[in-house]
Every structure is written in structure tokens, then in C-alpha cells.
Amino acid sequence: MGIELKDIRFSYGRVQALDGIDIRLEGGAVGLLGPNGAGKSTLLKIMLGFLRPDQGEGRVLDHDIRTEQTLIRRRVGYMPENDCFIPGMDAVTFTAYFGELSGMPRQEAMKRAHDVLFYVGLGESRYRQLETYSAGMKQRLKLAQAIVHDPKLLFLDEPTNNLDPQGRKEILELILEISSKKDIQVLISSHILPDIEFICSYVVILNKGRVAAKGELANLREASFRLFELKVKGEPARFLERIRALGCKVEETEDMILKVYMPPQLERKAIFQTAVEERIQVRQFLKSQTSLEDVFAKAVGVD
Amino acid sequence: MPIAERGYIHWDGELLERRRPWLPITRQGIRLAFKRKYFKFSFFVSLVPAFGFLVGIYAAEKIQDFKLKIEGVSTILQVNPGFFRAYFAGDFLLFMMLMLMVLSGAGLIADELRHNALQLYFARPLTKKDYFMGKAAILVFFLSLVTVVPGLVFIICKLIFSGSFRFLADYPWIGLSVIGFSALVTAFFSFYTLMISSVSKNRRYTAILLFTIYIFSDVLFGIFYASFRNPYFALLSIKANLQQVGAAFFNVKAPYAVSWIYSLAVLLTLCAVSAFILHKRVKGVEVIK
């Protein structure tokens with residue numbers, strides 16, 4: 001089992017950081033989303049065993065988060081958000097060092113360090129001093145140190161920070177490949193929603209210390225909104241006003257396409273009915289895919 | 001096929017549960033210290049007094065063998081507890097220990113705070129205690145090489161050169177004094193260095209601070225002592241406190257007319273304050289921001 005948290009509550013003094021978190025995550029890649037202050041970091045700290053919840057219980061990789069923190073950290077890989085390295089070291093020493101600290105035998109750690117550095121695309125520069133690495137290379141290095149001991153659970157915090165488009169694509173593909181291994185679970189915390197969409201099939205959205213939404217991304221898209229793309233002929237102002245009154249959210253694109261987010265309870269027929277009444281000709285009516293951005297905005301209550 | 005094209009592969013080994021999880025930190029720290037430009041030079045210079053005193057032990061025995069009648073020689077080269085105190089609590093050795101700390105210890109925590117490396121350590125099965133143990137063991141290693149190791153070598157060489165156990169019969173406690181005083185000096189410098197290294201993210205700043213506090217405390221003592229002639233001002237000086245306790249450990253007359261217990265209390269208090277500051281400055285829980 002991956003992660004199971006039941007009614008987790010935690011507060012910093014009077015500030016309630018987590019308020020009854022219930023999640024159960026198994027396998028694959030999971031996106032952890034939420035605005036700043038939603039409780040993502042606190043939740044990560046609790047899962048890694050740095051904080052003890054005030055209330056509730058949880059298990060990570062079948063280890064109790066209250067009593068078996070060391071065992072959790074032995075089997076977990078963590079890629080932090082900000083740049084981190086040790087000056088004076090080269091990449092292979094650095095990666096092997098953290099493998100060894102995770103419990104790998106020294107020689108095995110060195111051998112594995114070479115492998116993972118090639119894997120993340122730093123093979124050619126593995127003997128270079130880390131001070132000379134670019135921001136993108138440091139990002140790859142962080143991934144290397146997180147996977148050197150072959151963890152069963154990988155926490156990735158903003159894994160595509162500082163990367164150029166090509167580098168970002170490569171890192172995302174690596175993460176996608178790692179998460180496709182049946183026995184490795186990846187939990188990604190990121191503000192870059194397209195990254196989450198690319199890798200994760202399951203998301204947990206936190207807001208104000210609570211789970212605002214969770215589930216398969218496809219289901220969330222369907223449950224939150226149904227998105228349709230319309231092309232109409234005629235004067236649409238009154239028509240748009242009326243369908244907004246029905247609960248639809250409408251966006252007009254530059255190429256005159258209307259993106260209509262229909263609430264789940266509203267039937268499509270109502271749109272056509274309104275069009276007829278307003279003497280509007282509907283020339284195109286296509287079901288489209290809701291973006292994660294829409295799901296996120298709805299879950300945290302922003303437009 | 002290049003490894004990168006083979007895709008992600010699992011490691012088929014078993015993760016160990018180490019009894020001393022801090023050992024890799026120490027090993028890596030020692031290796032990194034020797035990579036530093038001025039450290040090697042400083043380390044070898046700090047061994048110079050040990051060689052000098054070793055030659056002194058040899059010379060003292062040879063002078064007796066050949067019964068040279070040189071006036072004053074017997075008092076200058078007498079190998080007794082005073083000889084050991086002169087080595088351990090000598091100005092030069094204490095200064096060189098400080099230099100070793102400046103060159104090898106100033107960045108131990110400061111560099112890792114600066115480059116956010118702590119979060120990588122604490123995401124591993126390491127406790128804060130393991131982390132400090134690993135860092136402190138680096139300093140203990142270097143300090144031991146200039147304190148307890150030469151001290152024990154002196155005793156062994158004295159026994160070999162003299163060809164008898166008379167020295168041990170006269171001073172049976174000397175070995176314990178060597179170990180005890182070395183442990184105290186090592187513990188003090190380790191706490192002091194780690195504490196200073198944790199107060200800033202800038203290695204240069206911590207190096208200057210390490211040096212300045214040590215020197216300034218002694219200058220302050222000098223000024224007050226010259227003005228008021230009160231030996232209790234020796235308690236202000238780190239060096240004077242170490243020398244006072246050193247004299248007590250080797251059972252010789254203390255340089256200042258102050259009880260060595262007070263000096264020991266000052267040093268232990270500094271260690272406790274350092275431990276407290278370290279505990280406050282390095283927090284495992286703050287690794288995820």
C-alpha cells in the first residue's frame with residue numbers, strides 16, 4: 001500500500017494547517033495541488049515523519065507516520081523544490097553519498113550513482129564540480145539523488161522548476177516512465193498544472209487545510225464541468241446572458257469560438273432551446289475536454 | 001545500449017540499517033577537508049610541535065646516555081607532566097587547532113545551510129543527532145591527530161627511548177591525563193566550531209567569527225588583566241581557560257591564580273550554550289519549505 005491518511009489534523013498554534021485530511025493513494029503518479037498556504041508542505045512533512053499530527057493516523061508504505069519515521073525515509077525518495085547541493089563535490093560523489101546515507105553499501109551506491117546520472121542525462125558531466133552546474137542540471141541532479149536508492153515512493157516538489165522547454169519535456173518523460181513502474185508511486189506537488197496533467201492520472205487538491213477535490217483526473221473533469229465548444233451565427237449578447245443565467249460559464253476565444261462550461265445538472269437541450277428563443281444559429285457544438293486548471297479553479301473557489 | 005535508453009532500472013540490493021549512520025558524513029567531510037587549498041598545509045604545520053616534542057624526548061634520553069654536562073639541559077629537556085602540559089596547552093598548538101577548525105570546520109554547516117543541503121540529509125533515515133555526530137566526528141578526527149595521538153606516542157617513545165617503565169611508575173596517571181585533556185579540548189573545539197558554523201550561511205563570515213571570538217576573548221583578558229591585575233579576568237579568555245584546565249590535568253602549577261574548576265565550568269558552559277544554539281539553528285522539520 002502507498003499512502004493512507006485518516007482524519008489528519010495539524011495546527012501551528014492557532015492556525016489550523018490541516019483539518020481532517022483523508023486520502024488513500026495506491027500506485028502510479030498522483031498530483032498534489034493547492035494554492036499557497038493550502039497545507040501541501042505540512043502534509044508532506046507529516047508523510048515524511050517530520051511532524052506528528054495532532055489527531056488522526058496514517059501509514060506510508062505500511063509504516064506508521066507517528067512511530068516509524070526512519071523506516072519511511074529509508075524507502076522514500078525526496079526531490080526538494082529549491083536548489084540544493086554540497087559545494088566541493090562532483091555529481092557522482094554527491095549521488096553516491098546520498099545513496100550511502102539512505103543505507104546502500106558504499107560500492108553499490110557508487111555503481112548505482114553512475115547509472116542514475118546517465119538515466120537523468122548527466123552522464124557526461126558526472127565528474128564536474130556541482131558549483132559549475134546550470135540550474136537545469138541541478139534539477140536533474142536532485143532527481144538523481146532522489147532515485148539513487150530505488151525508492152518505493154517518490155515525493156517530487158516542483159520537479160520542472162528552472163528548466164527550459166526541452167529540459168522540462170525530458171524530465172517529465174523520465175518521471176512518467178518511473179511512475180509507470182508498477183511498484184513505484186510518485187507524488188508530485190507542482191503549480192504547473194500542465195505538468196500534472198501530463199504525468200498524473202489522479203489528483204488531490206488541497207484548500208485551506210482540507211481536501212477540496214480528489215480522484216481520477218478524468219472523473220474530476222467530468223464531474224466538475226462539461227465543456228462544449230460552440231460556433232454561433234447571429235448577435236450572441238443576449239444568448240450569452242441567458243445561458244450564463246442558467247449556470248454556464250462562458251469564455252470567448254479569439255477565433256470566435258464560445259467555450260461553454262455547463263454545470264452537471266444542466267442538459268444540453270437547454271442551450272439549443274435558448275438559441276432557438278434568441279434566434280441564434282448554432283453551427284458547431286462539440287464536446288471538449290475540461291482542463292485541470294478549470295478543475296483546480298472550481299475546487300479552490302476562484303475564477 | 002546507453003543506460004539512458006534502457007529506461008529506469010531497479011536496484012536489486014538491500015538497504016542496510018547502519019549502527020553508525022553518521023559514518024558516511026564523517027568520511028566525506030574528511031575527504032572534502034583535504035581537498036581544500038590551505039588545509040593540508042595548515043594540518044602539517046600543526047603536526048610540527050608534535051615532531052619537535054618527539055625530538056625533545058629522544059634528545060633528553062640521549063643526553064642522559066652520554067652524560068653530557070651542559071648547564072641547564074636537564075631542566076629544559078626533562079620529560080615530565082610539565083613537558084606534556086607545555087605541548088597540550090601551548091599557545092602554538094592551541095592556535096593551530098583554531099586554524100584547523102577555521103579551515104575545516106567553518107563551512108561544515110554554513111555551506112549546507114547556504115546550499116539547502118540539510119533537506120537532503122533529513123529526508124534520509126538520519127536524525128539530527130546522527131547529523132551532528134557525523135559533522136563533529138570530522139573535527140574530532142583532525143583534533144585527535146594533533147592531541148591524543150601525539151600524546152600517546154610521546155609516552156610510548158619515552159618508554160622505548162628510556163628502556164624502562166620508570167616514567168609510568170612515577171606518573172601512572174599520565175595516560176589518562178593525555179586522553180582526558182585531549183577529549184576536553186576536542187569536545188570544546190568541536191562544539192564551538194559547529195555552533196559558529198551554524199549561525200550563518202556564509203563560510204567566510206563563520207571563519208572570521210571563529211577566529212575573532214577566540215582572539216578577542218584573549219585580548220579582552222589581556223586588557224582587563226593589565227588594568228586591574230585581577231587573575232579572575234582569565235575566565236574571559238578561551239585560551240587561558242584551556243591552559244588553566246590543562247595545568248590541572250597534568251598536575252602542574254596553573255598560570256593564573258584562579259581555581260581550574262571555574263575555567264572548566266566556563267568551558268562546559270560554552271559547550272552547553274553551543275549545543276543549545278545548534279539545536280535551535282538546525283531544525284529537521286524545516287527541510288520542506
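Residues numbered from 1 in each chain as written. Chains lettered and ligands numbered in written order. Predicted model: local features only at pLDDT ≥ 70, side-chain atom pairs only at ≥ 80, totals over all residues. Heavy atoms only, no water.

Novice: So what about the overall build of chain B? Which residues, and what values?
Specialist: The helix and strand inventory of chain B stands at 16 helices and 0 strands. In terms of its C-alpha atoms, chain B occupies a principal-axis envelope of roughly 80 × 50 × 30 Å. For chain B, with 289 residues in total, the buried portion stands at 48%. In chain B, once contacts between residues fewer than 6 apart in sequence are set aside, the share between residues at least 24 apart is 76%. Accessible surface computed for chain B: about 14,300 Å², of which carbon and sulfur atoms make up 66%. (Helix = DSSP H or I, 4+ residues; strand = E, 2+ residues; numbered from the N terminus. Buried < 20%, exposed > 50% of the residue type's maximum accessible area, 1.4 Å probe, protein only. Contact = heavy atoms within 4.5 Å. Areas by Shrake-Rupley, 256 points an atom, 1.4 Å probe, with all protein chains shown as cover.)

Novice: Describe the layout of surface pockets, listing the residues and the values that go with them.
Specialist: Estimates place the volume of the second largest pocket at around 330 Å³. Around the second largest pocket sit 23 residues that line it, and Pro87(A), Leu32(B), Arg36(B), Asp111(B) and Arg203(B) are the ones nearest its centre. The leading source of residues in the lining of the second largest pocket is helix H2 (residues 23-35) of chain B, at 6 residues. Looking at the lining of the second largest pocket residue by residue, the classes come out as 11 nonpolar, 5 polar and 7 charged. (1 Å grid on protein atoms, 1.4 Å probe; cavity = no way out; pocket = protein on both sides within 12 Å on 5 of 7 lines; lining within 4 Å. Points joined across faces, edges and corners; volume = space filled by probe spheres on them. Nonpolar A, V, L, I, M, F, W, Y, C, P; charged D, E, K, R; others polar.)

Novice: Account for the interface of chain B and chain A, naming residues and giving values.
Specialist: In this complex, chain B contributes 38 residues to the contact, which on the side of chain A involves 48 residues. Carbon and sulfur atoms make up 59% of the surface buried where chain B meets chain A, a total of about 4,300 Å² over both sides. A salt bridge links Glu100(A) to Arg27(B); the shortest N-O distance between them is 2.1 Å. On the surface where chain B and chain A come into contact, there are 22 residue pairs in polar contact (both at pLDDT 80 or more). Sorting the residues of the side of chain B that touches chain A by element identifies helix H1 (3-6), H2, helix H8 (107-114) and helix H9 (118-122) of chain B as the ones contributing at least two each. Top element by residues in the side of chain B that touches chain A is H2(B). It accounts for 7 residues. (Buried area = accessible area lost by both parts, 1.4 Å probe. Salt bridge = Lys/Arg side-chain N within 4 Å of Asp/Glu carboxyl O. Polar contact = N/O pair within 3.5 Å; in protein donor to acceptor, adjacent residues only side chain to side chain.)

Novice: Can you tell me about the confidence of the model for chain A, naming the residues and giving the values?
Specialist: This prediction gives chain A a mean pLDDT of 88; 96% of its residues lie at or above 70. Mean pLDDT across the elements of chain A ranges from a minimum in helix H8 (residues 217-224) of chain A, with 71, to a maximum in helix H3 (residues 91-102) of chain A, with 96. (pLDDT = per-residue confidence, 0-100.)

Novice: So what's going on with the packing of aromatic side chains? Residues and values would help.
Specialist: Centre-to-centre distance and the angle between the planes together describe a pair of aromatic rings. The final tally for this structure, using the stated rule, is 47 aromatic pairs over all chains. Ring geometry for Tyr87(B) and Phe154(B): centres 5.0 Å apart, planes at 85°, overall edge-to-face. Here Phe154(B) lies in helix H11 (residues 148-162) and Tyr87(B) lies in helix H6 (residues 81-88), a separation of 67 residues in the sequence. In this pair, the class of Tyr87(B) matches that of Phe154(B), namely buried. An aromatic cluster of at least three residues, connected via ring pairs, comprises Phe53(B), Phe83(B), Phe84(B), Tyr87(B), Phe88(B), Phe154(B), Phe167(B), Tyr171(B), Trp173(B), Phe181(B), Phe249(B) and Phe250(B). The ring of Tyr261(A) has Lys249(A) lying over it, and the distance from NZ or CZ to the ring centre is 4.6 Å. The residue whose ring lies beneath Lys287(A) is Phe228(A), and the NZ or CZ to ring-centre distance is 6.0 Å. (Phe/Tyr/Trp six-rings, centres within 6.5 Å; stacked < 30°, edge-to-face > 60°. Lys NZ or Arg CZ within 6 Å of the ring centre and 35° of its normal.)

Novice: Can you break down the sheet that holds strand E5 (residues 63-64) of chain A residue by residue, with the values?
Specialist: All names here are of chain A. Taken in spatial order, the 4 strands of this open sheet run E2-E1-E4-E5, and their pairing is antiparallel. In this open sheet, the two edge strands, each paired with only one partner strand, are strand E2 (15-25) and E5. The pairing of strand E1 (residues 3-12) with strand E4 (residues 55-60) spans 5 bridges and is classified as antiparallel. Counterpart to Arg9 in the pairing with E4 is Gln55. In the packing of helix H1 (residues 40-47) onto the sheet, contacts are made with E1, E2 and E4, and the angle to E1 comes to roughly 120°. (Pairing = 2+ DSSP bridges. Axes fitted to C-alpha atoms, helices over the stretch in contact; angles between N-to-C directions.)

Novice: Account for a nonpolar patch on the surface, naming residues and giving values.
Specialist: There is a patch of nonpolar side chains on the surface, built from Phe95(B), Phe211(B), Ile215(B), Phe216(B), Val219(B) and Ile223(B) and spanning about 490 Å² of accessible area. If you trace the backbone, Phe211(B) turns up in helix H14 (residues 203-228). (Patch = residues over 30% accessible without salt bridge, like charges linked within 9 Å, V, L, I, M, F, W, Y side chains within 5 Å.)

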